[in-house]
Amino acid sequence: MKIKLKLYDTLTRRKEAFRPLRKNRAGLYTCGPTVYNYAHIGNLRTYVFEDILRRTLEYAGYRVRHVMNITDVGHLTSDADEGEDKMEREAEKEKRSVWDIARFYTDAFLKDIARLNIKKAHVLSPATKNIREQISLIERLFKKGIAYETSQAVYFDVSRFPGYTKLSRQKLSAKKTRAREEVAADPEKRQAQDFALWFKRVGKFSNHTMRWPSPWGDGFPGWHIECSAISTKYLGQPFDIHTGGTDHITVHHANEIAQSEGAYGTPLARIWMHGEFLLISGSKMAKSAGGFYTLDALAEKGFSPIAFRYLVLTAHYRSQMNFTWESLSAAQRSLERLSNFVRSLHETKSYIPKYRDRIPVSGIRSLEKYSMAFERGVSDDLNMPKALAVVWELVTAYNKNPDAFSVKSMRAALNDFDRVLGLGLKNMKKKAVPARVKTLVAARESARRKRDWEKADALREKIKSLGYLVKDTPEGAEINKL
Ligand code: AMP
Ligand code: ZN
């Protein structure tokens, strides 16, 4: 039976039962990176949250179609259309072409997500590959009288779209102060809150290298229009779930809704979900603020990317999380304990005859209680702290009474949970013990069976010299790395 999911919808500010538009399918759009620099671990926290969402949908039995854009043009240094294009500024700083910068940081992003076991979107599409679609969407807005042109740009007229603040629940006047600078820059703008759909290659953008012809002259698209164009192109409109970080609620997603719903008159997405920030010393981790870390910076201090993934799972995605090295160390320790446990389960099977799996079913308690608790956790708006707690309850129960569950069912349960957790528990067995050590352990087991204790002890020392400790448990040999 399919698991019923409840997901928190920013639009209604409530947990809603997930009801897909098409039976057994889920269309998911997640806003992608602006590829002008390495992703910091704050960005990566959001991508881990989205990965957990996708994995949970899959776990619940849905066939997910996941679409993500890559912002390689048009994202200005302020989300509210102020300043310079982030890509062009970086290209100038690094003395490389803007296309080079996009390629380089897109690759870096793909490497980062792979290191975090984040599943790659089925469609990963750069803004610059969808210029035609963006232009036709703007033309549609013109036809509806929602877009207008000035000598510098094309804008969306927010006074023509009544639902503009429905996601943010802000007063429209609250946005005025932020946009004041831009009004000063373009005196022909109708309202301060209007946002750019297309920038002309004039004024401060005269030297902009990325440019395309359009009905409004050479130029480049604004940042928000790409997501409206790409999501609808690959998922239709409406689609099921749209996500991003909480900073997107007031500007980027408000603008996406305005563009898509203004153009087509139907909702863009059914559910809007937002991941909370990763903080550093109490403030949002941000590239502009200077205080940020990349996965490489973590690796330099000896932390694995998966330890960071584990850390992310310890907080609910809608709670802010303050990053500290202590919390990352604690996450790494927990992950090591978990991998040691998984390894010992695998080693148990390899060396110890399968008598455990021959215990009559009646003598083995069912794992169902834990599976159900895990399902309850993940299906309740992705409560990963709860899901992790269930994992540890199961490990503790097994350690207390290893006869209660068969090794096989333990492994199956953990692998099943890992479909959502994405910690790579399955692979932990592979790297665990080199073949040479395994052979020695097998030889020692054989010596023990023949009661040749002297040989068994010599082999234990030999194994130790290779960095492994053999522990004899009622189940047989357990191998752990020293
Ligand atoms: P950007 O590459 O700047 O477009 O951001 C990529 C994603 O990271 C967006 O969904 C942002 O909302 C998200 N984001 C940015 N800063 C943080 C942070 N400190 N914590 C969590 N998510 C963040
Ligand atoms: Zn977007």
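Calculation criteria
Residues numbered from 1 in each chain as written. Chains lettered and ligands numbered in written order. Predicted model: local features only at pLDDT ≥ 70, side-chain atom pairs only at ≥ 80, totals over all residues. Heavy atoms only, no water. Pairing = 2+ DSSP bridges. Helix = DSSP H or I, 4+ residues; strand = E, 2+ residues; numbered from the N terminus. 1 Å grid on protein atoms, 1.4 Å probe; cavity = no way out; pocket = protein on both sides within 12 Å on 5 of 7 lines; lining within 4 Å. Points joined across faces, edges and corners; volume = space filled by probe spheres on them. Nonpolar A, V, L, I, M, F, W, Y, C, P; charged D, E, K, R; others polar. Buried < 20%, exposed > 50% of the residue type's maximum accessible area, 1.4 Å probe, protein only. pLDDT = per-residue confidence, 0-100. Contact = heavy atoms within 4.5 Å. Near = heavy atom within 4 Å. Polar contact = N/O pair within 3.5 Å; in protein donor to acceptor, adjacent residues only side chain to side chain. Areas by Shrake-Rupley, 256 points an atom, 1.4 Å probe, with all protein chains shown as cover. Sits in = over half its atoms within 2 Å of the grid points.

(A) Representation of the sheet that holds strand S15 (residues 283-284). Reading across the sheet, the 3 strands line up as S15-S14-S16 and stay open at both edges, with mixed pairing between neighbours. Each of the sheet's edge strands pairs with one partner strand only, and the pair in question is S15 and strand S16 (321-323). Two elements, strand S14 (residues 278-280) and S15, share 2 bridges in a ladder whose sense is antiparallel. When the sheet's bridge partners are listed, Leu279 is paired in S15 with Lys284.

(B) Just the layout of surface pockets, in detail. Computed from the structure, the largest pocket encloses a volume of approximately 910 Å³. Per element, the largest residue contribution to the lining of the largest pocket is 5 residues, and it comes from helix H1 (residues 41-59). Looking at the lining of the largest pocket, its residues break down into 15 nonpolar, 18 polar and 10 charged.

(C) Quick peek at unusual backbone geometry. Cis geometry is adopted by the peptide bond preceding Pro238, which originates at Gln237 and carries an omega value of 0°. Of note, Ser281 is a non-glycine position whose phi angle comes to about 45°, a positive value. Relative to the elements of secondary structure, Ser281 occurs in the loop between S14 and S15. Overall, Ser281 belongs to the exposed group, its relative accessible area being 67%. Phi angles above zero are rare outside glycine, and Arg451 is one such case at about 60°.

(D) Quick peek at the confidence of the model for the protein. Averaged over every residue, the pLDDT of the protein is 90; residues scoring 70 or more account for 92%. In the predicted structure, residues 349-363 sits below a pLDDT of 50 and forms 28 contacts with residues beyond four places in sequence or in another chain.

(E) Fine view of the site of ligand 1. Within the structure, ligand 1 sits among 16 residues, and Gly42, Thr46, Asp247, Leu278 and Met285 are positioned closest to it. Between Met285 and ligand 1, the recorded distance is 2.7 Å, taken from a backbone N or O atom to a nitrogen atom. Contact with the protein chains hides 95% of the accessible area of ligand 1, taken as 500 Å² for the molecule alone. In this structure the site holding ligand 1 corresponds to the largest pocket. With 4 residues, the single largest contributor to the shell around ligand 1 is H1. Among the residues making up the shell around ligand 1, the classes are represented as 5 nonpolar, 7 polar and 4 charged.

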